[in-house]
Every structure is written in C-alpha cells, then in structure tokens.
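Descriptive structure summary
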Amino acid sequence: RSVNVTWEFGSGRDWALVNVAAVHRPDSTVQIIGLNAQPMEQSLFAANALTLRGKSFVHYGFAVAVMILPLFCLVVAVRLITARAMPKRWRWVLLSMLGVGKLTFNWTTGAVNLQLLSVSLLASGATASAPAAPWILYLAVPVGAVLALRRFLAWRGEAREPGIVAGSRTAVGD
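This text gives an overview of the structure that appears in the document. (Residues numbered from 1 in each chain as written. Predicted model: local features only at pLDDT ≥ 70, side-chain atom pairs only at ≥ 80, totals over all residues. Heavy atoms only, no water.)

A short note on helix H2 (residues 57-82)
What counts, and what does not: Helix and strand assignments come from DSSP, with helices taken as H or I runs of at least 4 residues and strands as E runs of at least 2, each series counted from the N terminus. How far a helix is expected to stretch is found by multiplying one less than its residue total by 1.5 Å. The buried label applies to any residue whose accessible area, calculated with a 1.4 Å probe on protein chains only, is under 20% of its type's maximum; exposed applies above 50%, and partly exposed to all values in between. We call two residues in contact whenever any of their non-hydrogen atoms come within 4.5 Å of each other.
For H2, which comprises 26 residues, the first-to-last C-alpha distance of 38 Å matches the rise-based estimate of 38 Å (1.5 Å per residue) to within 8%. Looking only at H2, the buried set comprises His59, Phe62, Ala63, Val66, Leu69, Pro70, Cys73, Val76, Ala77 and Leu80. The inward-facing, buried residues of H2 abut helix H3 (89-96), strand S4 (98-106), strand S6 (124-127), strand S7 (136-141) and helix H4 (143-160).

Structure representation (structure tokens):
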C-alpha cells in the first residue's frame, strides 16, 4: 500500500509545500520513496482565495455570469409555475432549471476547460475540492430555460388569439 501526503508549512512571508511518498512493505516496514519541498510566496489559502483584488476582466465577467444564469433559470421557472393553465407546465419548470455543456474557469490560474457533454442544475455554480484548493466556477448554456421560455411565449400568444382556447389550436365553436 502506498501513501502520498502533502503538508503546508510556514508563516508570514515564508511558506513551503512538503510532499512525502511512502510505501508499506510486506515485512511491515515503511519505505520513503519520495520527498519534495517547494518554496511558495504565500499560503495556499491566500493564493486560492475567492477575491476580486487583482483579477482580470475575464474573472469579473465569469463571476457576473455565474450569478446571472441561475437567476434567469429561476425567473423562467417561477413564471411557468404561475402560468396555471399552461399544459405540461411542471415538465417545462423542471426543464427550465437545466443547463447543457460546461465551461469551467479556475479562479486562481485562469485556466479554462470546455465539456460539451454535461448537464448542470441552474446553468452555473462554483466549487472547491478542499478548503485550500482553487475555486472552480462553471457555466452552462441555459438551454432548458430558453426552450421553456420560448414554449411559454408561444403558449401565451396562442391563448391571446381571439377564438382560441389556451393550449389548443381548435377554434371555439368548431
């Protein structure tokens, strides 16, 4: 069995990451197979903090989009919930909360990654895999909300046509 452990040491301006790799041998002893020390300018908590200080326009744009996309999905969902006469509205409500594809953005490094085959709830979000890990922001195309909004607008247009019953193309009296 092998073990790989990393520690962060330091205070003030002097920081280092120390990594030790070890293997448990069959005779119950532990053999160190790797040791690495890397000096750092600041702690991982400081380096990976989710702050706006010193960030680029891309950082700001991504942060704004991560906040706006879920609001768009929720506004469409709430509007559909209030459209009581709309046929199959609950299916459209659920669909409106989904985003397709995923564009990820590493807040610390600025690295971008695209995944075409992905489905996300509310079309955006942010996560960090550990307390000192970099924040990863992600965006998805709010396909569900766009389709649901288009369906709602089409249904609303049908409902406003004189002589047409909402959700039906049959004229009243035919």
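Here we look at the pattern of salt bridges
Defined as follows: We define a salt bridge as a contact between a side-chain nitrogen of Lys or Arg and a carboxyl oxygen of Asp or Glu at a distance within 4 Å.
According to the stated counting rule, one finds one salt bridge in the structure shown. For arginine 151, the salt bridge is made with glutamate 158, and the minimal N-O distance between the two is 4.0 Å. Given a relative accessible area of 26%, arginine 151 falls into the partly exposed group. Classification of glutamate 158 by relative accessible area gives buried; the value is 10%.

Details of the packing of aromatic side chains
Short version of the rule: Stacked, tilted and edge-to-face pairs are distinguished by plane angle, under 30 degrees for stacked and over 60 for edge-to-face with tilted covering the rest, among Phe, Tyr and Trp rings (Trp via its six-membered ring) whose centres lie within 6.5 Å. When the NZ atom of lysine or the CZ atom of arginine is within 6 Å of a ring's centre and also within 35 degrees of its normal, the charge is said to sit over that ring.
Evaluated as defined, the whole model comprises three aromatic pairs. With 4.8 Å between their ring centres and 20 degrees between their planes, phenylalanine 62 and phenylalanine 105 make a pair best called stacked. Within this pair, whereas phenylalanine 62 is found in helix H2, its partner phenylalanine 105 is found in strand S4, the two being separated by 43 residues in sequence. Assigned by exposure class, phenylalanine 62 and phenylalanine 105 land together as buried. Summarising the aromatic geometry, the rings of phenylalanine 152 and tryptophan 155 are spaced 6.0 Å apart at their centres and angled 40 degrees between planes, so their arrangement reads as tilted. Of this pair, phenylalanine 152 and tryptophan 155 both sit in helix H4, three residues apart, which is roughly one turn of that helix. Like tryptophan 155, phenylalanine 152 is buried. In this arrangement the basic side chain of lysine 102 is found over the ring face of tyrosine 138, its NZ or CZ atom lying 4.4 Å from the centre.

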